[in-house]
Amino acid sequence: MGCTASGVADALRAVAGVVAEHRAELIELDRAIGDGDHGENLNRGFTQVVTALDAGVPETPGAVLKLAATTLISKVGGAAGPLYGTAFLRAATSLGDKSEVDVPAAVAALRAAVEGVQARGKAVAGDKTMVDAMLPAAAAAEQAAGAEGVDLAGVLAAASDAAAAGAESTVDLVARKGRASYLGERSKGHLDPGAKSTSLLLAALAKAAR
């Protein structure tokens, strides 16, 4: 059984709730190595996504993600809007007009999202960005999908766990991209806020799938 448009919309509402809950934490993380607006920007963006969904849920999962993408791109400042917007847009394009998201579709959408973020932000593994959470998440999802009897919730749980570990790994990295890169060695010892928000987002999606 796959996830329908209403299921994806519910999952995005869950994401909005988690972002709101962790807004202050994300602000503090970003204040340490960025300009301190990551939590506020994301919270505003996902609040607007929920408002857009309340006005009407599109008919397919891809269309729901496209609505989220266009909302984030137009409403969120800083780097987060374009990067998350691109991730959702690429995932939406990957899903096409499918009526349900099954395991292969979810894995392909996640991979497309990562590739979109990398194309947009030019970040690679080890740059201390959201990519350090996204790349292991996509790899873990692909690996889990290959196991016998693993459902969508299982695939997203594997992605979530890998994203959390990937986010933690950024503490020991020196930033090579974004505003944090201006700090050089001083960026070491801090968790990357984009990687953290990515892990929070995937945790919310995994919980919603359960």
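(A) Region of interest: the pattern of salt bridges. Per the stated rule, a full pass over the model turns up 8 salt bridges. Here aspartate 10 makes a salt bridge to arginine 13, at a shortest N to O gap of 3.3 Å. Of this pair, aspartate 10 and arginine 13 both sit in helix α1 (residues 5-21), separated by 3 residues, roughly a single helical turn. You can call aspartate 10 partly exposed: its relative accessible area is 46%. Overall, the relative accessible area of 28% leaves arginine 13 in the partly exposed class. The salt bridge partner of arginine 23 is glutamate 40, with a shortest N-O separation of 2.5 Å.

(B) Spatial organisation of the packing of helix α3 (residues 38-54) against helix α4 (residues 61-75). One can describe the packing of α3 onto α4 by two numbers: an axis separation of 9 Å at closest approach and a directional angle of 135°. One finds that α3 runs oblique with respect to α4. Here the hand of the crossing between α3 and α4 comes out right-handed. Contacts from Arg44, Gly45, Phe46, Gln48, Val49, Ala52 and Leu53 of α3 reach α4 at Val64, Leu67, Ala68, Thr71, Leu72 and Lys75. Looking at the contact of α3 with α4, its residues break down into 8 nonpolar, 3 polar and 2 charged.

(C) Region of interest: the nonpolar core. Counting 61 residues, the largest nonpolar core has Leu12, Phe46, Leu65 and Phe88 as the members making the most contacts within it. Sorting elements by how many residues they give to this core places helix α6 (residues 103-121) first, with 9 residues. Sequence-distant contacts of leucine 12, defined by excluding residues within four places in its chain, comprise Val49, Leu53, Val64, Leu65, Ala68 and Phe88.

(D) Structural view of the packing of aromatic side chains. Taken as a whole and assessed by the stated rule, the structure comprises 1 aromatic pair. With a centroid separation of 6.2 Å and an interplanar angle of 75°, the aromatic rings of phenylalanine 46 and phenylalanine 88 are classed as edge-to-face. Within this pair, whereas phenylalanine 46 is found in helix α3, its partner phenylalanine 88 is found in helix α5 (residues 80-95), the two being separated by 42 residues in sequence. Side by side, phenylalanine 46 and phenylalanine 88 carry an identical accessibility label, which is buried.

(E) The arrangement of the packing of α3 against α5 in detail. Orientation of α3 relative to α5, taken along the N-to-C sense of each, is 45°, at an axis distance of 10 Å. Considered as vectors, α3 and α5 are oriented oblique to each other. Crossing angle aside, the handedness with which α3 passes α5 is right-handed. Packed against α3, whose contacting residues are His38, Leu42 and Phe46, the element α5 presents Ala80, Tyr84 and Phe88 at the interface. For the contact of α3 with α5, a count of residues per class yields 5 nonpolar, 1 polar and no charged.

(F) Quick look at the environment of alanine 163. For alanine 163, the position within the fold is in helix α8 (residues 152-169). The class of alanine 163 is buried, set by a relative accessible area of 0%. Along the backbone, alanine 163 and alanine 52 are 111 residues apart, and their C-alpha atoms lie at a distance of 27 Å. If sequence neighbours within four positions are ignored, alanine 163 has contacts with Ala133, Ala137, Ser199 and Leu202.

(G) A look at helix α7 (residues 131-145). An ideal rise of 1.5 Å per residue puts 21 Å on 15 residues; α7 measures up with 21 Å between its terminal C-alpha atoms. Within the span of α7, buried status applies to Val131, Asp132, Ala133, Met134, Ala137, Ala138, Ala140, Ala141 and Ala144.

(H) Molecular detail of α6. When the terminal C-alpha atoms of α6 are compared, their 27 Å separation across 19 residues agrees well with the 27 Å that a helix rising 1.5 Å per residue should span. Regarding α6, the residues found buried are Val103, Ala105, Ala106, Val107, Ala109, Leu110, Ala112, Ala113, Val114, Gly116 and Val117. Buried-residue contacts for α6 involve α5, α7, α8 and α9 (193-209). For α6, the side-chain oxygen to backbone nitrogen distance between the N-cap and alanine 105 is 3.0 Å, and the N-cap itself is aspartate 102. Positive backbone phi, at 60°, marks lysine 122, one or two positions downstream of α6.

(I) Representation of the environment of serine 94 in the model. Note that serine 94 resides in helix α5. Residues contacting serine 94, with those up to four places away along its chain left out, are Ala108, Ala109 and Ala112.

Rules of the game
- Residues numbered from 1 in each chain as written.
- Predicted model: local features only at pLDDT ≥ 70, side-chain atom pairs only at ≥ 80, totals over all residues.
- Heavy atoms only, no water.
- Salt bridge = Lys/Arg side-chain N within 4 Å of Asp/Glu carboxyl O.
- Helix = DSSP H or I, 4+ residues; strand = E, 2+ residues; numbered from the N terminus.
- Buried < 20%, exposed > 50% of the residue type's maximum accessible area, 1.4 Å probe, protein only.
- Axes fitted to C-alpha atoms, helices over the stretch in contact; angles between N-to-C directions.
- Parallel < 35°, antiparallel > 145°, perpendicular 65-115°, else oblique.
- Left-handed = near helix turned anticlockwise from the far one by under 90°.
- Contact = heavy atoms within 4.5 Å.
- Nonpolar A, V, L, I, M, F, W, Y, C, P; charged D, E, K, R; others polar.
- Core = buried A, V, L, I, M, F, W, Y, C linked by side-chain atoms within 4.5 Å.
- Phe/Tyr/Trp six-rings, centres within 6.5 Å; stacked < 30°, edge-to-face > 60°.
- Expected span 1.5 Å × (residues − 1).
- Polar contact = N/O pair within 3.5 Å; in protein donor to acceptor, adjacent residues only side chain to side chain.

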